[in-house]
Amino acid sequence: MSTTFTSSLAERLSGKNKDNGKRRLSAPVIMLGIAGALILLSALRVITGADDLTSSGQFSGALGAAVPIGLAGLGGLWSERAGVVNIGLEGMMMLGSFSAGWVGWQHGPWAAAAAGILGGALGGLIHAIATVTFNVDHIISGVAINILALGVTQYLAKLWFGAEGSAAQLAGGNDKQSPVMENMGHFSIPGLSDWLNSIEKHHWFLVSDLAGILDGLVSDVSWLTIVAALLFVGTFFVLWRSAFGLRLRSCGESPVAAESLGVNVYTYKYAAVVVSGALAGLGGAFLAIGTHMYSDGQTGGRGYIGLATMIFGNWRPGGVAMGAGLFGFMDSLQLRSGGPTVHALLLLVAVLLVGLVAWQLKKGKSKQAIASAVIVAVLVVWYLLTTTVPLEFVDATPYVATLLVLSLSAQRLRPPKADGQPYRKGQGK
């Protein structure tokens, strides 16, 4: 299509793309927010003695936990920017994880990653056929894919990995897991990692905390993590800096307007949902490659958390990345540190809620401010009267964080206008 067409489409949809008059966060504001968060974490570490809050191990684990969540969220972004709600991310991750386990033990981790992409893309294609071609309700289709993926992967695991006398069983597979695959390998920046680790051990305020965080992000990093980071950058440029991305997003904002300007809405919706499934499948493959095998229940609800990161990130790649980092941090906390470190976070949440109370009072929301103040009091009392939190609460920490973040960010969210709405070719005529 010509430049004139692209300009016409952008002009036609310009009224649809404004964030309701709200100012977007600029880079300096985001950097100030990150700096403020680092200072809060440093102060919390000093006050509570929970050194693992900013340790290199904590942030290395957080990075590993964030990748599959972020890929699922990025997959949801592609789909919903084209107007198709994708609740089936969890099922597509299951298909990706299983496909990676099936291929990986025979052909290695890179082949496993490719198989995971294809497995997830297959789930995306099924979702696209149901929602785009047959106009099935998006939620129903997504839930059906989650249920079908669970059943299919469990059945095929018994058939392919656990069959008596099969090559997979002889290699160590069973009904619940695949045989072990080779390690993909990691990389560290020579010299920098050791230097940062030496600074971290001094436990200096802010300096050691920053060194621990950076060390966790540059040491023993999986090559697949680099691929995931490039996919986030690529998504931004494809969807926001190309004519293809403009047309795809127009399908999620106003498919009728897009069709009137010559966009084949069905084609773009199909492309978006298949890419969505492929990204979720890669997230599932990352889990299998990281543990060197497929195992039953491996995704653990990360597809749903990925969906939450997409919403929290306001349907933009940068927001999805920050949301994935937050949930990855919480996931790493409950896996590494357990009760004492999560207990320290009670104090941090209380401090953040004090700021929320001040903001609510400024906006004249007295009832909400009172409710938030009560929660602050409960958290402070809980912190003062205990030294740890129950294991059950620790295990639920990522999901509690998901609910809190979504409830606090709901005011600023702006989904695509036509997200989840049925569409038929020629309906605007």
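Residues numbered from 1 in each chain as written. Predicted model: local features only at pLDDT ≥ 70, side-chain atom pairs only at ≥ 80, totals over all residues. Heavy atoms only, no water.

**Q** Break down the overall build of the chain for me, citing the residues and quoting the values.
**A** Scanning the chain from N- to C-terminus turns up 19 helices and 2 strands. Relative to the globule expectation of 22 Å for 429 residues, the C-alpha radius of gyration of the chain, 23 Å, shows essentially globular dimensions. The proportion of buried residues among the 429 residues of the chain is 49%. Considering only intrachain contacts with a sequence separation of at least 6, the fraction spanning at least 24 residues in the chain is 79%. When the accessible surface of the chain is summed, it comes to about 20,000 Å², and 68% of that surface belongs to carbon and sulfur atoms. A gap of 18 Å separates the mean positions of the 28 positive and 22 negative side-chain charges of the chain. (Helix = DSSP H or I, 4+ residues; strand = E, 2+ residues; numbered from the N terminus. Rg over C-alpha atoms; globule rule 2.2 N^0.38 Å. Buried < 20%, exposed > 50% of the residue type's maximum accessible area, 1.4 Å probe, protein only. Contact = heavy atoms within 4.5 Å. Areas by Shrake-Rupley, 256 points an atom, 1.4 Å probe, with all protein chains shown as cover. Lys, Arg positive; Asp, Glu negative; His and termini not counted. Charge placed at Lys NZ, Arg CZ, Asp CG, Glu CD.)

**Q** Explain the pattern of salt bridges to me, using residue names and the numbers behind them.
**A** On inspection of all chains with the given rule, the structure shows 6 salt bridges. Notably, a salt bridge pairs Asp296 with Lys176, separated by 3.5 Å at the nearest N-O pair. Of the two residues, Asp296 sits in the loop between α13 (265-291) and α14 (302-312) while Lys176 sits in the loop between α7 (167-170) and β1 (186-187), which places them 120 residues apart along the sequence. Owing to a relative accessible area of 49%, Lys176 belongs among the partly exposed residues under this scheme. Where Arg302 meets Asp331, a salt bridge forms, and the shortest distance between an N and an O atom there is 3.7 Å. (Salt bridge = Lys/Arg side-chain N within 4 Å of Asp/Glu carboxyl O.)

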